[in-house]
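Letter by letter, the chains look like this.
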Amino acid sequence: MGRSEQLFEEAVNLIPGGVNSPVRAFGSVGLTPRFIASAEGAYMTDADGKRYLDYVGSWGPMILGHAHPAVLEKVEEACRKGLSFGAATEAEVDMARLICGMVPSVEMIRMVNSGTEAVMSAVRAARGYTGKNKIIKFEGCYHGHSDAMLVKAGSGVMTAGVPDSSGVPKGCTEDTLLAVYNDLDSVKGLFEAWDGQIAALIVEPVGANMGVVPPAAGFLEGLRELCTAHGTVLIFDEVITGFRLARGGAQEYYGVQADLTTYGKIIGGGMPVGAYGGRREIMEVVSPVGNVYQAGTLSGNPVAMAAGLAQLTYLNEHPEIYTELERKGKVLYGGMEKFCRENGLPCQVNHVSSLGCLFFTPDPVTDYASAKKSDTEAFKNYFRYMLDSGIYIAPSQFEAMFLSAAHTDEELQFTLEKIAQRLLTK
Ligand code: KE4
């Protein structure tokens, strides 16, 4: 029995499912999860010493690659000054100034400890600012596990969302309305049905939690127009896309400005950090200035700020990383797309810059319903083949592949060869 198997056997008796976040349990691929011991650059090494070319990157934070020297150096330096003070620090001002400088729509920002907390807080601020209660989200978009976000569509447009998790009272989701990604008419229908009552619309500007689903042309612009017309706060959940698609995230990449934006992952450089920010008049409803309460013991933690500042500063000072990520995405995902097309394979490859996904379905994937048609059994076999080949991708059809600055063209070619071998195997 390998070390991962041993650890997993003990872990399942101590931690629900043996993991501290469900997707890590490898449930949908039916394997024992790899327990990772270390990581550097584009590689991770598991408890048995096996090395993997990593396309998860901790689900997005590791855009520079694992254990980047520029980040480690600043974290080590910060540790020596103490780990947490529960008081204001210069690093938090530096972080706020840097993010506001990189994202024009963000005039003020508040640090929290996860993407979930960022979304929960941004929704509360939008409700406090507008005095309205309803929020619109999209089927297939994931915004963390706060109660109001754990929701699935009710039976009709007049039906509010129903809980999509045990333990969530229906009262927590009755103000959450579900729309269809890339379908502006479904959004217009909700605005007509609930006109004047919608505090916020929250969207992943690139869907990355149903696999990767890019916004159709005009979709984000249409959401902007609808929210402006109805006095609804447009929230871009950029926990994944923030500082990944461009310095200014999806807002820069697509040229559409949000009223509030939520962040996580990359802004922590691998440490637990989330944030929400946006228009000044909205953010000033947040305590202690306004009366929307939100707080956190470790918010703006100095070591986490050191990691996030180091990573964001490096990205800000090396904008060529973004053109490289765009190029590498075309090499890997474009190569996958070309291979599938030339061989008439029943697969779709969706990608935006460094985010990509191979769907096992013959039809285009443009929303949650079409993503769900994928053959998850075929994905499971593909995942196992890749893992055996030393390539670590997300253990679920409905997640993204993440490229980093550390991935080389040789590694992309190796990956393409392995994918081709797998897809041609009957
Ligand atoms: P966290 O609370 O996990 O930091 O962020 C929640 C969140 C919010 N918004 C978006 C767009 C997200 O993708 C996430 C979290 N992403 C998942 C990966 N699909 C995290 C992985 C996990 O749950 O372990």
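A.B. asks: Mind showing me how you'd approach the site of the ligand here?
C.D. replies: Close to the ligand lie 16 residues, the nearest being Ser21, Thr116, Asn209, Asp237 and Glu399. Tyr142 is positioned such that a nitrogen or oxygen atom in its backbone is 3.4 Å from a nitrogen atom of the ligand. One nitrogen or oxygen atom from the side chain of Glu399 is found 2.8 Å from a nitrogen atom belonging to the ligand. Coverage of the ligand by the protein chains reaches 86% of its 530 Å² of free accessible surface. When the residues that make up the shell around the ligand are grouped by side-chain class, the tally is five nonpolar, seven polar and four charged. Lining the shell around the ligand are residues from two domains, each supplying at least three of them: domain 1 (3-67 + 319-423) and domain 2 (69-317).

A.B. asks: Just checking my understanding: could you explain the sheet that holds strand β4 (residues 108-112) for this structure?
C.D. replies: What holds strands together in a sheet is hydrogen bonding between their backbones, with the strands either parallel or antiparallel. The strand order across the open sheet formed by seven strands is β4-β12-β11-β10-β9-β5-β8, and the pairing between neighbours is mixed. Both outer strands of the open sheet, β4 and β8 (176-179), are each paired with one neighbouring strand and no more. Here the strands of the sheet are splayed against their neighbours by 20° on average, with no regard to which way each runs. Relative to strand β12 (residues 274-278), β4 is paired through five bridges, and the arrangement is antiparallel. Considered in β12, the bridge of Arg110 is made with Tyr276. Packed on one face of the sheet, helix α3 (residues 90-102) meets β4 and β11 (260-263) and runs near 125° to β4. Of the strands in this sheet, β5 (134-138), β8 and β9 (198-203) are in contact with helix α6 (residues 184-193), which crosses β8 at around 150°.

A.B. asks: Even after reading the chapter, I still don't get the pairing of strand β2 (residues 43-46), so can you show me in this structure?
C.D. replies: Regular strands have side chains that alternate between both faces of the sheet. For strand β1 (residues 36-40) and β2, the ladder comprises four bridges, and the chain directions are antiparallel. When the sheet's bridge partners are listed, Ala39 is paired in β2 with Met44. Hairpin connection between β1 and β2: a loop of two residues separates the two successive antiparallel strands, and Gly41 in this loop has a positive phi of roughly 60°. Bridge count between β2 and strand β3 (residues 51-54): three bridges; the pairing is antiparallel. Following the sheet pairing, Met44 is matched in β3 by Tyr52. Hairpin remark: β2 followed by β3, antiparallel, with four residues in the connecting loop; positive phi at Gly49, about 80°.

A.B. asks: Which parts of the structure should I look at to understand the sheet that holds strand β14 (residues 355-359)?
C.D. replies: Strand order in the open sheet made by the three strands is β13-β14-β16, with antiparallel pairing throughout. Single-partner strands in this sheet number two, and they are β13 (348-352) and β16 (401-402). The pairing of β14 with β16 spans two bridges and is antiparallel. Bridge assignment links Gly356 to a residue of β16, and that residue is Met401. The sheet strands contacting helix α11 (residues 320-342) are β13, β14 and β16, and the helix crosses β13 at an angle near 160°.

A.B. asks: Explanation requested: the pairing of β14 in the structure shown.
C.D. replies: The buried fraction of β14 amounts to five of the five residues, a majority that puts the element mostly inside the structure. Of the two faces of β14, the one carrying Leu355, Cys357 and Phe359 and the one carrying Gly356 and Leu358 are both buried. Taken together, the five bridges between β13 and β14 define a ladder with antiparallel strand orientation. Its bridge partner being in β14, His351 is matched across the sheet by Gly356.

A.B. asks: When you look at the domain arrangement of the chain in this model, what are you seeing that I'm missing?
C.D. replies: Accessible area lost when the parts come together is the quantity often used to give the size of an interface. Domains assigned within the chain are domain 1 (3-67 + 319-423) and domain 2 (69-317). Contacts between the two partners involve 32 residues from domain 1, matched on the other side by 34 residues from domain 2. The contact between domain 1 and domain 2 buries some 2600 Å² in all, and 66% of this surface belongs to carbon and sulfur atoms. When the buried area of domain 1 at its contact with domain 2 is split by residue, Leu64, Tyr322 and Val352 rank highest and sum to 24% of it. Counting every contact that joins domain 1 to domain 2 gives zero salt bridges. Applying the counting rule to domain 1 against domain 2 returns 10 residue pairs in polar contact (both at pLDDT 80 or more). Where the side of domain 1 that touches domain 2 is concerned, the elements lending two or more residues are α11, β13, β14 and α12 (368-371). Classifying every residue of the side of domain 1 that touches domain 2 gives 21 nonpolar, eight polar and three charged.

A.B. asks: What exactly am I supposed to notice about unusual backbone geometry here?
C.D. replies: Most of the time, phi is negative for any residue but glycine, and the peptide bond is trans. Following Ser287, the chain continues into Pro288 via a peptide bond in cis, with omega recorded as 10°. At Trp59, a position not held by glycine, the phi torsion is positive, near 75°. Locating Trp59 in the fold gives a position in the loop between β3 and α2 (69-79). With phi around 50°, Ser353 is a residue other than glycine that occupies positive phi space.

Conventions and cut-offs
Residues numbered from 1 in each chain as written. Predicted model: local features only at pLDDT ≥ 70, side-chain atom pairs only at ≥ 80, totals over all residues. Heavy atoms only, no water. Near = heavy atom within 4 Å. Polar contact = N/O pair within 3.5 Å; in protein donor to acceptor, adjacent residues only side chain to side chain. Areas by Shrake-Rupley, 256 points an atom, 1.4 Å probe, with all protein chains shown as cover. Nonpolar A, V, L, I, M, F, W, Y, C, P; charged D, E, K, R; others polar. Domains from an automatic or database assignment. Pairing = 2+ DSSP bridges. Helix = DSSP H or I, 4+ residues; strand = E, 2+ residues; numbered from the N terminus. Axes fitted to C-alpha atoms, helices over the stretch in contact; angles between N-to-C directions. Contact = heavy atoms within 4.5 Å. Buried < 20%, exposed > 50% of the residue type's maximum accessible area, 1.4 Å probe, protein only. Buried area = accessible area lost by both parts, 1.4 Å probe. Salt bridge = Lys/Arg side-chain N within 4 Å of Asp/Glu carboxyl O.

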